[in-house]
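Single-letter residue listing:
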Amino acid sequence: MISIGQAYPSISYLMVDQSDNITRMYPQALLKQYTYLQPQPKWNEYDIIAQFNSELDWHFINSPDTINSYQLDFLINTVHELIHGLGLMTSWTDDLYQYFSPYIGKENKYITPHLLDSDIDDIFGDTDNIPQTFLGFVEFPFDKLIYFKTNIDVISLDCLYPFTNITRQLNKFSDESTLFADPDEMAHAWSVSEEIIHASYMYDVSTTESEVVAVVDNEPLVWLESSIKPFLTGSSLCHFDQSMYLNSSEYLMIYLLNQGIDLHQLEIQYPEGPIGPKLLNILAAIGYNISEGFSINANIKTLRPSLEYWTPSFKISSSEADTLPSHTLNNGNAHNPHNTPSMAGHPSTCITLYTFSFLLFLVLYTI
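Treat the numbers as computed from the prediction; the structure is a model and nothing was measured.

(A) Summary view of the overall build of the protein. Helix and strand counts for the protein come out as 11 helices and 17 strands. Here the protein holds 367 residues, and the buried ones make up 56% of them. When contacts within the protein are restricted to residue pairs at least 6 apart in sequence, those whose partners lie at least 24 apart make up 67%. Put simply, the protein shows about 16,300 Å² of open surface, and 50% of that area lies on carbon and sulfur atoms.

(B) Just the confidence of the model for the protein, in detail. Overall, the prediction assigns the protein a mean pLDDT of 82, with 78% of residues at 70 or greater. Every residue in residues 316-367 is under pLDDT 50, and counting partners more than four places away or in other chains gives 159 contacts.

(C) Region of interest: the environment of Ser-63. Structurally, Ser-63 is set in the loop between strand 5 (58-59) and strand 6 (72-73). Within the local environment of Ser-63, its side chain forms a polar contact with the backbone nitrogen of Asp-65, the two atoms lying 3.3 Å apart.

(D) Structural context of the nonpolar core. Ile-83, Phe-142, Phe-163, Trp-190, Phe-240, Leu-279 and Ile-282 are the most contacted members of the largest nonpolar core, which has 84 residues in total. Top contributing element to this core by residue count: helix 10 (residues 277-285), with 6 residues. Contacts of Phe-142, omitting those with residues within four sequence positions, involve Gly-87, Leu-88, Met-89, Ala-214, Leu-224, Leu-237, Ile-282 and Ile-286.

(E) A look at helix 2 (residues 74-86). With 13 residues, helix 2 extends 18 Å between its outermost C-alpha atoms, agreeing within 8% with the 18 Å of an ideal straight helix rising 1.5 Å per residue. Burial in helix 2 covers these residues: Phe-74, Ile-76, Asn-77, Thr-78, His-80, Glu-81, Ile-83, His-84, Gly-85 and Leu-86. Measuring from the backbone nitrogen of Leu-75 back to the side-chain oxygen at the start of helix 2 gives 3.3 Å, which picks out Asp-73 as the cap.

(F) Expanded view of the pairing of strand 3 (residues 22-27). A large share of strand 3 lies buried, amounting to 6 of its 6 residues. Side-chain alternation along strand 3 places Ile-22, Arg-24 and Tyr-26 on one buried face and Thr-23, Met-25 and Pro-27 on a second face that is also buried. What sits between the antiparallel neighbours strand 2 (residues 12-17) and strand 3 is a turn of 4 residues, in which Asn-21 has the positive phi angle 60°.

(G) View of helix 3 (residues 95-104). Inspection of helix 3 places Asp-95, Leu-96, Tyr-97, Tyr-99, Phe-100 and Ser-101 among the buried residues, and these make up the whole buried set. Downstream of helix 3 by one or two residues, Gly-105 has phi in the positive range, about 90°.

(H) Quick peek at unusual backbone geometry. Looking along the chain, the bond that leaves Gln-38 and enters Pro-39 is cis, with omega of -5°. Along the chain, Lys-229 connects to Pro-230 via a cis peptide bond; the corresponding omega equals 5°. In this structure, Asn-218 is a non-glycine residue whose phi angle is positive, near 65°. With a relative accessible area of 52%, Asn-218 lands in the exposed category.

(I) Broad picture of the packing of helix 3 against helix 6 (residues 183-191). Where helix 3 meets helix 6, the closest approach of the two axes is 9 Å, and the angle between their N-to-C directions is 100°. It follows from the interaxial angle that helix 3 and helix 6 lie roughly perpendicular. On helix 6, the residues that touch Leu-96, Phe-100, Tyr-103 and Ile-104 of helix 3 are Pro-183, Asp-184, Met-186, Ala-187, His-188, Trp-190 and Ser-191. Residues belonging to the contact of helix 3 with helix 6 are distributed by class as follows: 8 nonpolar, 2 polar and 1 charged.

(J) Structural context of the sheet that holds strand 2. Taking strand neighbours across the sheet as the criterion, the 3 strands line up as 3-2-15 in an open arrangement whose pairing is antiparallel. Of all the strands in the sheet, the pair left with one neighbour each is strand 3 and strand 15 (307-309). When strand polarity is set aside, the average angle formed by the axes of neighbouring strands in this sheet is 45°. In this sheet, strand 3 lies alongside strand 2 in antiparallel orientation, the contact comprising 6 bridges. Looking at strand 3, one finds that Leu-14 is bridged to Met-25.

(K) Molecular detail of the sheet that holds strand 13 (residues 212-216). On the basis of which strands lie adjacent, the open sheet formed by 4 strands has the order 11-10-13-14 and antiparallel pairing. Taken across any chain shown, the strands that pair with only one partner, and hence form the sheet edges, are strand 11 (160-162) and strand 14 (219-223). Neighbour to neighbour, the strand axes of the sheet diverge by 45° on average, direction disregarded. In this structure, strand 10 (residues 146-149) lies alongside strand 11, joined through 3 bridges in antiparallel fashion. What sits directly across from Lys-149, in strand 11, is Leu-160. Against the sheet, helix 5 (residues 163-170) touches strand 10, strand 11 and strand 13, its axis set at about 50° to strand 11.

(L) Layout of the environment of Ala-189. By the element assignment, Ala-189 lies in helix 6. You can call Ala-189 partly exposed: its relative accessible area is 25%. Put simply, Ala-189 and Ser-174 are 15 residues apart on the chain and 9.3 Å apart in space, counted from C-alpha to C-alpha. In this structure Ala-189 touches Phe-173 and Phe-180, once residues within four positions along its chain are discounted.

(M) Inspection of the pairing of strand 14 at higher detail. For strand 13 and strand 14, the ladder comprises 4 bridges, and the chain directions are antiparallel. For Val-216, the partnering residue across the bridge sits in strand 14 and is Glu-219. The antiparallel pairing of strand 13 with strand 14 creates a hairpin that spans 2 residues between the two strands, and Asp-217 there sits at a positive phi of about 55°.

Rules used throughout
- Residues numbered from 1 in each chain as written.
- Predicted model: local features only at pLDDT ≥ 70, side-chain atom pairs only at ≥ 80, totals over all residues.
- Heavy atoms only, no water.
- Helix = DSSP H or I, 4+ residues; strand = E, 2+ residues; numbered from the N terminus.
- Buried < 20%, exposed > 50% of the residue type's maximum accessible area, 1.4 Å probe, protein only.
- Contact = heavy atoms within 4.5 Å.
- Areas by Shrake-Rupley, 256 points an atom, 1.4 Å probe, with all protein chains shown as cover.
- pLDDT = per-residue confidence, 0-100.
- Polar contact = N/O pair within 3.5 Å; in protein donor to acceptor, adjacent residues only side chain to side chain.
- Core = buried A, V, L, I, M, F, W, Y, C linked by side-chain atoms within 4.5 Å.
- Expected span 1.5 Å × (residues − 1).
- Pairing = 2+ DSSP bridges.
- Axes fitted to C-alpha atoms, helices over the stretch in contact; angles between N-to-C directions.
- Parallel < 35°, antiparallel > 145°, perpendicular 65-115°, else oblique.
- Nonpolar A, V, L, I, M, F, W, Y, C, P; charged D, E, K, R; others polar.

Structure (structure tokens):
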């Protein structure tokens, strides 16, 4: 398994979507589109951090030679990763399952959105005796668009159910006034809750082919990758369905990118460029304004709900209360639910990522 790259926002801000009262993590690049926000954040210098495996045989756009069958096109992979950094990512992950497993076992797999805290690794790392408070699960803006089928034989909005409604259900696990003595007590409370049943069902949904779709403007738009089993954080749900879109104008956001073909060759077949019409609709639906220069932007509508900064409703601890940011998740990667890598020949996982040396790019996205 060879990891080729990853990208993630340098920082994400906790915002409450006033249209559905759900807390979501807005990448800096996306939140910059909301020019009315007051106060304006002190933006990081860079919006996106991207990493690429320097040990792979890359083909670069200025190479005098044509791409070989074993090479990867660097430009295609760079654009792919930047799309993730702009916000095509999901907070649904098996992180909580992995963290709770030492306490309650690994019998029933489940996925949840990102658990809201300053750092989940700090909660479940070496803090066995530290009291824990459940602050709820939070989404990314893209999660608002994700639905799953409730009827395998019918594809219509009436037979699709939003992931966000499951997030609401999971957030009933506990309230902010409940203090668990330690992670063990919290994990065991979770293991006997109704919410773990919903989370287990979402694992099954997200590992069944052709079950999950992105819905824009009340219409099923693009099927998402749900064929990978076991669920793979960073590949499942945050890519377009491999089998449906490999040979289509939406090729950019499948999770297994082809070797031996470069962007120039693909543009001969798909002259509109690597960002297909469905992907443009997705980017507009999470809040980006699409330039009139795109020839395929007809009927694309930018959707921007009213946002307010999230603030905790109670004092989390006497030591943190005065320093905890009320509206930001600081220090970038430490506060993002996961990275979104791509793979050469295999689905990606962050675990393999650090066995290689990497080129590090800090990417500035300007609006």
